[in-house]
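Below are the chains, spelled out letter by letter.
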Amino acid sequence: MKIEQIHELFLNSSGVSTDTRKINHNSIFFALKGDNFNGNSFALQALEKGASYAFIDEQPVEQNSRLILVQDVLTALQELSTFHRIYLNTPIISLTGSNGKTTTKELINAVLSKKYKTTATVGNLNNPIGVPLTLLSMTRETEIGIVEMGANHQKEIEFLCGIAQPDYGYITNFGKAHLEGFGSVEGVIKGKSELYDFLKQNNKTVFLNYDDPIQKKQFDYHKTYSFGSSKEADLQIQFPMGSDYASIQYNDLKIESNLIGAYNAKNMAAAFSIGKYFDVPEDQIKAAIKEYTPRNNRSQIIQKGSTKIILDAYNANPTSMVAAIENFENLKGASKIVFLGDMFEMGAQAADEHQQLVNKMEASNIEKVILLGENFHRTTTATEKIQKFKNFEDFKAAFNPKETEGKFLLIKGSRGMALERIVDLL
């Protein structure tokens, strides 16, 4: 079946589904494969639940005119999404980065949706499956699409750009993330910069943080729009200090947020700048940023009785850990306790990166530090304020929630550690 025919089926459907537990009537089911499942086994079930067609890449056990056999289901999904993206010709903004990309994406979406009908990546569906699903969720009504891209190895951003074909792009930062796949910080820079490489090769627009020395190197390209504290930036933005919450200032306009951490001010500045580029009125940009409240375990502020908590347990790498810890040290408040969970995908640098964080915590003004996970458990420390647990179960058995009453807590770790479970113990 040709891609034009597949697209026609898609246009006459209610959308695509990849999970038989969430089948919508008249949707098209794509029988994807994973490490622990094979969607081909559920294709007939999808049809029974209301799907109009099911795309499969294994010979079916029984013939059915609504089963469509393709060489590879994931490739078919990706090719359909690119065809649909070209069909709509909607302006696409893509963003990636080591830290803050989902928060920045949410802020950009909040700002642009004040003036435009936007469609943005839901949650962090930013991989070779999530990007196509985002593109296929766009309709004729979508005026601007916002596509988040994640990567843990070289050429992945390049591949995702080939699918989404963005018109604009922004990289939040370059940090020590996914070192196992990228190999080094230099590898991270090269991998993430594949977004800017695509934009430059296709004469598209690059958004830049002028205060980032790595991004400044992109100024040999003519289609850039920048922000930063330098007068050379297109938008000169200042970053006021002194408040627990991130804020920015542009001329006489000061914008405060519900985001903890000075590092989030750069994310705000990116959203502000992109809003200005697309002519969103300043008062509406301010309102959008001010109204945005973090959720999904990303810098969430939680109050449980007399205990105040910063829950930042969605992800972690050395760069984001250091930023979160340093910000936490500078916050006003009661006695502080830090809960840190293992950082994943560190590769050969795992032992050293975890030990460096322990050394930093030893020298900090934090009253108590609790470390969870096998990597942290293997570190060494001579201070009594640091406690180590090999896993969550060991920690749970020893934890006394009364010790946190009236304290200020920071909870941060990689997603696989699921440290939001600590909040449930309080």
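Small disclaimer: the values here were computed from a predicted structure and weren't measured.

(A) Up close: the overall build of the chain. Tallying secondary structure elements over the chain gives 17 helices and 19 strands in all. Relative to its length of 426 residues, the chain is compact, with a C-alpha radius of gyration of 23 Å against a globular reference of 22 Å. Seen through its principal axes, the chain has C-alpha atoms that stretch 70 × 55 × 40 Å. Buried residues in the chain amount to 53% of all 426 residues. Considering only contacts in the chain between residues 6 or more positions apart, those separated by 24 or more positions represent 61%. Looking at the chain as shown, the accessible area adds up to about 19000 Å², and 46% of this sits on carbon and sulfur atoms.

(B) Region of interest: the pairing of strand β17 (residues 368-372). Burial within β17 is extensive, with five of its five residues counted as buried. Residues of β17 alternate between two faces, with Lys-368, Ile-370 and Leu-372 on one and Val-369 and Leu-371 on the opposite face, all of them buried. Pairing between strand β16 (residues 336-341) and β17: five bridges, direction parallel. Paired with Ile-337 across the bridge in β17 is Lys-368.

(C) Main features of the UniProt feature "domain: Mur ligase N-terminal catalytic" (unreviewed entry) in the chain. Sequence positions flagged by UniProt for "domain: Mur ligase N-terminal catalytic" (unreviewed entry) are, in local numbering, residues 14-81. Taken as a whole, residues 14-81 contains 22% helix and 18% strand, while its terminal C-alpha atoms sit 15 Å from one another.

(D) Structural context of the nonpolar core. Among the nonpolar cores identified, the biggest contains 84 residues, and Leu-112 and Phe-272 are the most heavily contacted of them. No other element matches helix α11 (residues 264-277), which puts seven residues into this core. Within the second largest apolar cluster, 17 residues are counted, among which are Ile-337, Phe-339, Ile-370 and Met-417.

(E) Highlighting the pattern of salt bridges. Following the criterion strictly, the structure yields 18 salt bridges and no others. For Lys-33, the salt bridge goes to Asp-57, with nearest N and O atoms at 3.6 Å. Here Lys-33, found in the loop between β2 (28-30) and α2 (43-48), pairs with Asp-57, found in the loop between β3 (53-56) and β4 (67-69); they are 24 residues apart in sequence, far enough to count as distant. On the accessibility criterion, Asp-57 (17% relative accessible area) is buried. A salt bridge links Asp-220 to Lys-200; the nearest nitrogen and oxygen atoms lie 3.5 Å apart. One end of the pair, Asp-220, is in the loop between α10 (213-216) and β10 (224-228); the other, Lys-200, is in helix α9 (residues 194-201), and 20 residues separate them in sequence. For Lys-200, a relative accessible area of 26% translates into the label partly exposed.

(F) Structural context of the sheet that holds strand β1 (residues 16-17). Pairing within the open sheet is parallel, and its four strands lie in the order β1-β2-β3-β4. With partners counted over all chains shown, the strands left at the sheet margins are β1 and β4, one partner each. Bridge count between β3 and β4: three bridges; the pairing is parallel. In the strand pairing of β4, Ala-54 is matched with Leu-67.

(G) Local environment of the sheet that holds strand β7 (residues 144-148). Spatially, β6-β7-β5-β8-β9-β10-β11 is the arrangement adopted by the seven strands of the open sheet, whose pairing is parallel. The outermost strands of the open sheet, each flanked by one partner alone, are β6 (118-120) and β11 (235-236). One ladder, built from four bridges, connects strand β5 (residues 92-96) with strand β8 (residues 168-171); its direction is parallel. Along β8, the bridge assignment pairs Thr-96 with Ile-171. On top of the sheet, helix α4 (residues 101-112) reaches β5, β6, β7 and β8; it is set at about 170° to β7, its chief contact. α11 contacts β5, β8, β9 (205-209), β10 and β11 of the sheet and is inclined by roughly 135° relative to β10.

(H) Representation of α9 within the structure. Burial in α9 covers these residues: Glu-194, Leu-195, Tyr-196, Phe-198 and Leu-199. Contacts from the buried residues of α9 go to β5, α6 (156-164), β8, α8 (185-192), β9 and α10. Count one or two residues on from α9 and you reach Asn-203, which has phi positive near 60°.

(I) The arrangement of unusual backbone geometry in detail. Despite not being glycine, Lys-155 has its phi angle at roughly 75°, a positive value. Among the secondary structure elements, Lys-155 is positioned in the loop between β7 and α6. Here Ala-418, not a glycine, exhibits a phi torsion of approximately 50°, which is positive. Residue position: Ala-418 is located in the loop between β19 (408-412) and α17 (421-425).

(J) Representation of the packing of aromatic side chains in the model. Under the definition given, this model contains 18 aromatic pairs. Here Phe-207 and Tyr-225 contribute two aromatic rings whose centre-to-centre distance is 6.3 Å and whose plane-to-plane angle is 85°, an arrangement assigned as edge-to-face. Of this pair, Phe-207 sits in strand β9 while Tyr-225 sits in strand β10, placing them 18 residues apart in sequence. Tyr-225 matches Phe-207 in its accessibility class, with the two residues each being buried. Three or more aromatic residues link up through ring pairs in this structure, and these residues are Tyr-116, Tyr-168, Phe-207, Tyr-225, Tyr-277 and Phe-278. We note Lys-266 situated over the ring of Phe-239; from NZ or CZ to the ring centre the distance is 3.9 Å. Sitting over the face of the ring of Phe-328, Lys-336 holds its NZ or CZ atom 5.4 Å from the ring centroid.

Cut-offs used in this document
Residues numbered from 1 in each chain as written. Predicted model: local features only at pLDDT ≥ 70, side-chain atom pairs only at ≥ 80, totals over all residues. Heavy atoms only, no water. Helix = DSSP H or I, 4+ residues; strand = E, 2+ residues; numbered from the N terminus. Rg over C-alpha atoms; globule rule 2.2 N^0.38 Å. Buried < 20%, exposed > 50% of the residue type's maximum accessible area, 1.4 Å probe, protein only. Contact = heavy atoms within 4.5 Å. Areas by Shrake-Rupley, 256 points an atom, 1.4 Å probe, with all protein chains shown as cover. Pairing = 2+ DSSP bridges. UniProt positions renumbered as here; feature names shortened; annotations may be inferred. Core = buried A, V, L, I, M, F, W, Y, C linked by side-chain atoms within 4.5 Å. Salt bridge = Lys/Arg side-chain N within 4 Å of Asp/Glu carboxyl O. Axes fitted to C-alpha atoms, helices over the stretch in contact; angles between N-to-C directions. Phe/Tyr/Trp six-rings, centres within 6.5 Å; stacked < 30°, edge-to-face > 60°. Lys NZ or Arg CZ within 6 Å of the ring centre and 35° of its normal.

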